[in-house]
Amino acid sequence: MSGSRELGRTLRGWRDRTAPAAVGIPTGGLRRAAGLRREELAQLASLSVDYIIRLEQGRATSPSAQVLSALTRALRLSAAEREHLYLLAGQSAPGPGQVSAHIPPGVRRLLDQLDGAPLSVYDAAWNLILWNPLWTALFGDASALRGRERNITWRHFAGLASRISHTPEQEARFEAALVADLRAATARYPTDVSLRSLIKDLRRVSTDFASLWERGIVGVHETHTKTVHHPEVGTFILDCDLFTAPGCDLRIVAYTAAPGSDAADRLKLLSVLGTQALTETSIPG
């Protein structure tokens, strides 16, 4: 239990030192402390407030790797602090042979400043690890999704709900690029058990994926358009671009529209509506 208490003390210290403005939380009104409230950390990490309390009190003794990764991102931990967090939790931080969900602080600060476009961030296996409020307004709240539900490749080939539709040509290019990405990831992260399990299950549930995998399909992501079907603001087309963060395998997906276009007006409307009118959760494919 001593390790759990130390983990709790460390988390409280990191929470207290994190300025709300630094993580995009408005600072209006009176605050008893300069750092984050438990409720704010819970929201940033997509965890319950009760679980944050139990962690800080040393009563939650075995946080999962997913929880530790979420706390790392929410608290903007450095690489060394991330290693220390995993050590206190009795786990090893993902090594060179495993897919990492770590977002360098500099990349996170850059993303915070790009709030005028829907943005999402994925790891090398296409697991969704970060998204901004406008992305939520466009595609739905992903905070309740767990495990495979946050993986774009799984959602697409398993036929899960999406607000995006493709033409046959777009779908063929998209699928080829996803399969090629996973093949490259297996070479880059040969000891990642979760990645191997994902591919095995994809081959089992999708004959299309299995066929593309066996053929050794090659594909790359290019600038293209996506047709979005939104329950409140209707159907419209956005440009979709993919960027990679230097020094890591993170993929940043940005949706934009030409200034003055109908799609740009709909995005502006979504930024006003926020997530209040959303009635479903859908992740793009």
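Here, the structure is the one placed above.
Please read these numbers as outputs of a predicted model, since none were measured by experiment. Per-chain numbering applies: the sequence of each chain, read as written, is numbered from 1 onward. Reporting in this predicted model follows two pLDDT cut-offs: at least 70 for local features of residues, and 80 or more for side-chain atom pairs to be given and counted; totals over whole chains, interfaces and linings ignore these cut-offs and use all residues. Based on all heavy atoms of the structure, the side-chain values leave hydrogens and waters out of the count.

**Observations regarding the environment of aspartate 115**
At step 1: One can find aspartate 115 in the loop between α6 (105-113) and β1 (119-122).
At step 2: On a C-alpha basis, the gap between aspartate 115 and isoleucine 164 in space is 21 Å, while along the polypeptide they are 49 residues apart.
At step 3: Any two residues having at least one pair of non-hydrogen atoms within 4.5 Å are treated as being in contact. Excluding residues within four positions of it along the chain, aspartate 115 makes contact with Asn132 and Leu134. Helical segments are the DSSP runs of H or I of at least four residues, strand segments are the runs of E of at least two, and each set is numbered from the N terminus.

**Describing the pattern of salt bridges**
At step 1: For this document, the term salt bridge refers to a Lys or Arg side-chain nitrogen within 4 Å of an Asp or Glu carboxyl oxygen. Taken as a whole, this structure holds 14 salt bridges when the rule is applied.
At step 2: In this structure, arginine 9 engages glutamate 6 in a salt bridge whose closest nitrogen and oxygen atoms are separated by 2.8 Å. With arginine 9 and glutamate 6 both in helix α1 (residues 2-17) and 3 residues apart, the pair spans about one turn of that helix.
At step 3: Here arginine 37 makes a salt bridge to glutamate 40, at a shortest N to O gap of 3.3 Å.
At step 4: One connected set of salt bridges, linked through shared partners, spans Arg15, Arg38 and Glu56.

**Side note on helix α5 (residues 79-88)**
It helps to recall that an α-helix has 3.6 residues per turn; residues three or four apart then point in one direction.
At step 1: Three labels apply to residues, based on accessible area from a 1.4 Å probe with only protein chains included: buried if under 20% of the type maximum, exposed if over 50%, partly exposed otherwise in between. Every buried residue belonging to α5 is among Arg82, Leu85, Tyr86 and Leu88, and all of these are buried. For α5, the arc enclosing every buried residue in end-on projection is 165°, short of the 170-degree limit, so these residues lie on one face. Residues of α5 that are exposed and angled more than 90 degrees away from the buried face: Ala80 and Leu87.
At step 2: Just past α5, the residue glycine 90 takes up positive phi, approximately 75°. Our arc is simply the arc of the directions from the helix axis toward the C-beta atoms.

**Points about the sheet that holds β1**
At step 1: The rule for pairing is simple: two strands pair if DSSP sees at least two bridges between them. Strand order across the open sheet formed by 6 strands is β2-β1-β6-β5-β4-β3, with antiparallel pairing between neighbours. A single partner strand is all that each edge strand has here, and the edge strands are β2 (128-131) and β3 (164-165).

**Here's the deal with helix α2 (residues 38-45)**
At step 1: Listing the buried residues of α2 in full gives Glu40, Leu41, Ala42 and Ala45.
At step 2: Just beyond α2, the residue with positive phi is serine 46, at close to 55°.

**With respect to the packing of aromatic side chains**
Two aromatic rings are characterised by how far apart their centres lie and by the angle between their planes.
At step 1: Pairing of aromatic rings covers Phe, Tyr and Trp, the last counted by its six-membered ring, and requires centre-to-centre distances within 6.5 Å; plane angles under 30 degrees mean stacked, over 60 mean edge-to-face, and any other angle means tilted. For the coordinates displayed, the defined rule picks out 6 aromatic pairs.
At step 2: When the ring of tyrosine 122 is compared with that of tryptophan 126, the centres are 5.0 Å apart and the planes differ by 55°; the resulting orientation is tilted.
At step 3: For tryptophan 126, a relative accessible area of 4% translates into the label buried.
At step 4: Where tryptophan 131 meets tryptophan 135, the ring centres are 6.2 Å apart and the plane angle is 45°; that geometry is what we call tilted.
At step 5: Judged by its relative accessible area of 0%, tryptophan 135 is buried.
At step 6: Taken together, the aromatic side chains of Trp131, Trp135, Phe139 and Tyr255 make up a single cluster linked through ring pairs.
At step 7: Definition used: whenever NZ (Lys) or CZ (Arg) falls within 6 Å of the ring centre and also within 35 degrees of the ring normal, the charge is taken to sit over that ring. We note arginine 148 situated over the ring of tryptophan 154; from NZ or CZ to the ring centre the distance is 5.1 Å.
At step 8: The ring of tryptophan 213 has arginine 183 lying over it, and the distance from NZ or CZ to the ring centre is 4.1 Å.

These results come straight from atomic positions and should not be treated as a statement about function.
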